[in-house]
Amino acid sequence: VMLSARAFTAFTASTVMKIGRVLTSPTRGFLTDIPLNPPDPLFGLTEKFKKDVSDKKVNLGIGAYRTDDNKPFLLPTVHKAEEAMWSEGLDHEYATIAGIVEYVKEAQKLLLGEKSTPIDEGRLAGVQTIGGTGALALGGRFLAQYAPTKAIYLPNPTWANHTPIFQLAGLETKQYRYLNRETMSVDIDGLLEDMHAAPAHSIFLLHACAHNPTGVDPTMEQWKQIADVVKENDHFAFFDCAYQGFASGDEETDAAAVRMFANDYDVDFAVAQSFSKNFGLYGERTGALSIAAKDTETKDKVLSQMKRIARGIWSNPPLHGARIVARILQDPELSKEWRAECKGMADRINSMRSALTKNLADCGSTLDWSHIERQIGMFCFSGLKPEQVTKMIDQYHIYLPQSGRISMAGVTSHNVGYLAEAMHAVTK
């Protein structure tokens, strides 16, 4: 096709302009349009705390145990176990997909006791996981694929990470009533009503002990009521057990609810275990997921799918933390010492609860702070309102999340008086 001189000139000019726009326009990357996710509130709080130059600053955000000198605590039994492991020259070969077999067995025995119906009958599937978070994520993926319903009910309130964990696993998240904010106790009537109202075969996330963030646990009589409704409606209980031994100072007391489900009720259930708090193995990411099935044949199928999913996420779990836990729990003397260490940590936190309550009264506060001592575990749901929390941070350099949750591990004999003064000042 022949173009006239005028047409050729116009075509050439248009082409040059297009090429120019391509060459001069900013290049767009493959991920240019990805949205910016806001910083994690808790870890962002810690960063703000680190930048604060005040000599009075107090960090009550992150849930990690501290000594009364506000230092990280390496459990003596963990140190002994590590020394023994190094002396043996252990290798760094892969574990199995399900993890270290002895570790999983010891974790399940710690959870359910020496005499447990699911263990004795061979109905308990279990795998090692990357911390309690990994156990929740693995359990969430398993349930998203095989549960008859695809929604999980979370207590209101609950640990902030529960929602993204289960949503990313493919489950819809819903809520059930948990805390009565007027009495700072379990709203058992609302809880049971919501459980009854949920469709049959629904999944319910339950905190085994030391509910995070409230520190408010059901009584054993209330746990029985919960278990009755779970059985009656063919619900599935998924326990998050992050504080066994650390909450009350006694691992049997802290596991009582899970053991009741296991031994007294013919129901399927799952438990995500974490050994971050009770063994101080925060950075070792040491956890386990156990699922109780109706019979051994079903257990074998469940375990095969747990391993399949684990293989696709992390392939093999890390060795170090699991070896430490297994060694301590298998050694009678170390196990006895570890239990005493757990009690020591729990006792220090409980003593700070009492001290904070007393100091608030000494400051002249006439408010009812008795819930501080009634609550259990690492956290105290103080009842402080968001605007009061903001004053705590801006005026007193005391850092805690907007929910008013206090990490009692950050409270010491050196700062409890100052904390009480600040709480009284923002609430009077």
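The model shown is predicted, which means the values in this text are computed figures rather than measured ones.

Student: Sorry, what's going on with the overall build of the protein here?
Tutor: The secondary structure content of the protein amounts to 18 helices and 13 strands. Once the C-alpha set of the protein is aligned to its principal axes, its extents read approximately 95 × 60 × 55 Å. A total of 428 residues make up the protein; the buried ones form 51% of that total. Relative to all contacts within the protein whose residues are 6 or more apart in sequence, the contacts with residues 24 or more apart total 75%. When the accessible surface of the protein is totalled, it reaches about 20,900 Å², and 55% of it is carbon and sulfur. Considering the protein, the positive charge centre built from 45 side chains and the negative charge centre built from 51 side chains are found 9 Å apart.

Student: Looking at this model, I keep getting lost on the environment of Q402. Mind explaining?
Tutor: On the secondary structure map, Q402 appears in the loop between β12 (398–399) and β13 (405–407). Along the backbone, Q402 and P41 are 361 residues apart, and their C-alpha atoms lie at a distance of 9.0 Å. Once residues within four sequence positions are removed from consideration, Q402 is found in contact with P386, V389, T390 and I393.

Student: Could you clarify how one ought to interpret the nonpolar core in this entry?
Tutor: Side chains of nonpolar character tend, in soluble globular proteins, to be buried together. By size, the foremost hydrophobic cluster in this structure holds 64 residues, and its most contacted members are Y103, Y243, L356, M392, I398 and M423. Element by element, the count of residues in this core is highest for helix α15 (residues 332–362), at nine residues. Leave out the neighbours within four places in its chain, and Y243 touches C209, A210, N212, D254, K277, M378 and F379. With 37 residues, the next largest nonpolar core counts I226, A227, A237 and F239 among its residues.

Rules behind the numbers
Residues numbered from 1 in each chain as written. Predicted model: local features only at pLDDT ≥ 70, side-chain atom pairs only at ≥ 80, totals over all residues. Heavy atoms only, no water. Helix = DSSP H or I, 4+ residues; strand = E, 2+ residues; numbered from the N terminus. Buried < 20%, exposed > 50% of the residue type's maximum accessible area, 1.4 Å probe, protein only. Contact = heavy atoms within 4.5 Å. Areas by Shrake-Rupley, 256 points an atom, 1.4 Å probe, with all protein chains shown as cover. Lys, Arg positive; Asp, Glu negative; His and termini not counted. Charge placed at Lys NZ, Arg CZ, Asp CG, Glu CD. Core = buried A, V, L, I, M, F, W, Y, C linked by side-chain atoms within 4.5 Å.

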